[in-house]
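Each chain is listed here by its residues.
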Amino acid sequence: MSNGMERDEVRRSGVRLSRRGFLGSLGTLVVAGSSGWVGFSALAAAPKAWSPEDFVKNVQHGGPPKDGIPPIDRPKYVSASGAEKFLRAGDIVFGLEYRGVVKAYPQKILVWHEIVNEEIGGEKLSITYCPLTGSAVGFKGSSRGDRAALTFGTTGKLVNSNLLMYDRQTDSQWPQILGVAIAGPNKGTVLEEIPLAWTTWGPWRAKHPESLVLSTDTGFFRAYGSDPYGSYERRGTYYDSGGSFFPVMTADPRFPDKHVVIGIKANGARLAIPKAAVAWHKVINASLAGVPLVALYDQELAAVRVFARRAGTTVLTFRREGNTFVDEQTRAPWTATGRCQGGRLSGTQLPVLAAYDVMWFAWYAFFPRTEVREATTS
């Protein structure tokens, strides 16, 4: 038996509590019934910009101890054909395209581990997923002091019901959605975000048959075919009903708590666009803190990608024409990946902006000054 498995047996014996076990103990806090999940309400309602100290004061114990939800530090991968043994076409995966490498991280694995510490081309990345807030984000970064590349673990704690990570290099604490250290030697340091495509296995494999896939051979015993929070495929589970399990710092009723928005960051400002609005309009032009941006709907993957809509000094405005996107300035066609396919801008790649799927309650709790867009604007 591997050391990882031996450690996992200790966790399973009750010395360390998995979040699934913890959820089973939440009977007095969370009620599942015909009206859905009932959770906590906000602690405060006044919109403001939070300080790191505000977040620290609102850290909650999530149940498991530090690394009680064990990150995957030595990930193994299988080919797309090998993944067919444990993935169905409709299973959620988080797709990564980075420096010529294409990988898929199944939600059914990450729900049990929440962090994969990865290395691509000698560069350390961390793939993170918080099931409580429906947010999957890739990160890279280095320590403020010695510039050492950071790797992450789980603290077992939460802020605004969101995964609170710690870095192994300095033990600084990082809320996943915030992407900024709130305590420790790295306090105030901002992580660089790497976009992940929230999609399903069938479309991802069709578009990327060469994709590698995170293996279930993790060194831990987990029920990778089950989900302790319910199911994205069935209505009335945690993922689409009721409020958060844990207190949040503020709330806003414009959307249901679990409504999925695309959270966007630029120049210190924040923007939320309902994912359903992008799926409906296919393209939404907006601006944020002086950055003209566009959210494009990738029909093949049912995913949203966000770009700065600028080519050199030219600000572009996009619209949907048939099965492609067209900019109004040159009338050239563009793909959902932000690449121009004709005209004088042929081959131009729009700059990718930090953006990801996230539940509305969590995004607003972290960023109560967020702007919101629901329709096409320039």
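Relevant structure appears above.
Structural notes, computed from the coordinates. (Residues numbered from 1 in each chain as written. Predicted model: local features only at pLDDT ≥ 70, side-chain atom pairs only at ≥ 80, totals over all residues. Heavy atoms only, no water.)

**Looking at the sheet that holds strand 23 (residues 318-321)**
Then, number 1: Taken in spatial order, the three strands line up as 23-24-25 in an open sheet, and their pairing is antiparallel. The two strands at the open ends of the sheet, each matched to only one other strand, are strand 23 and strand 25 (333-334).
Then, number 2: Pairing between strand 23 and strand 24 (residues 324-327): four bridges, direction antiparallel. Residue Phe318 lies in a different strand from strand 24, and its bridge partner there is Asp327. (Pairing = 2+ DSSP bridges. Helix = DSSP H or I, 4+ residues; strand = E, 2+ residues; numbered from the N terminus.)

**Focus on the pattern of salt bridges**
Then, number 1: Taken as a whole, this structure holds 26 salt bridges when the rule is applied.
Then, number 2: The shortest N-O distance in the salt bridge between Lys124 and Glu119 comes to 3.2 Å.
Then, number 3: Residue Lys124 is classed as partly exposed on the basis of its relative accessible area of 33%.
Then, number 4: Residue Glu119 is classed as partly exposed on the basis of its relative accessible area of 45%. (Salt bridge = Lys/Arg side-chain N within 4 Å of Asp/Glu carboxyl O. Buried < 20%, exposed > 50% of the residue type's maximum accessible area, 1.4 Å probe, protein only.)

**A closer look at unusual backbone geometry**
Then, number 1: A positive phi angle is found at Glu114, which is not glycine, with a value near 70 degrees.
Then, number 2: For Glu114, the position within the fold is in the loop between helix 5 (107-113) and strand 7 (115-120).
Then, number 3: Judged by its relative accessible area of 1%, Glu114 is buried.
Then, number 4: One non-glycine residue, Asn160, adopts positive backbone phi at about 55 degrees.
Then, number 5: Positionally, Asn160 belongs in the loop between strand 10 (152-159) and strand 11 (162-167).

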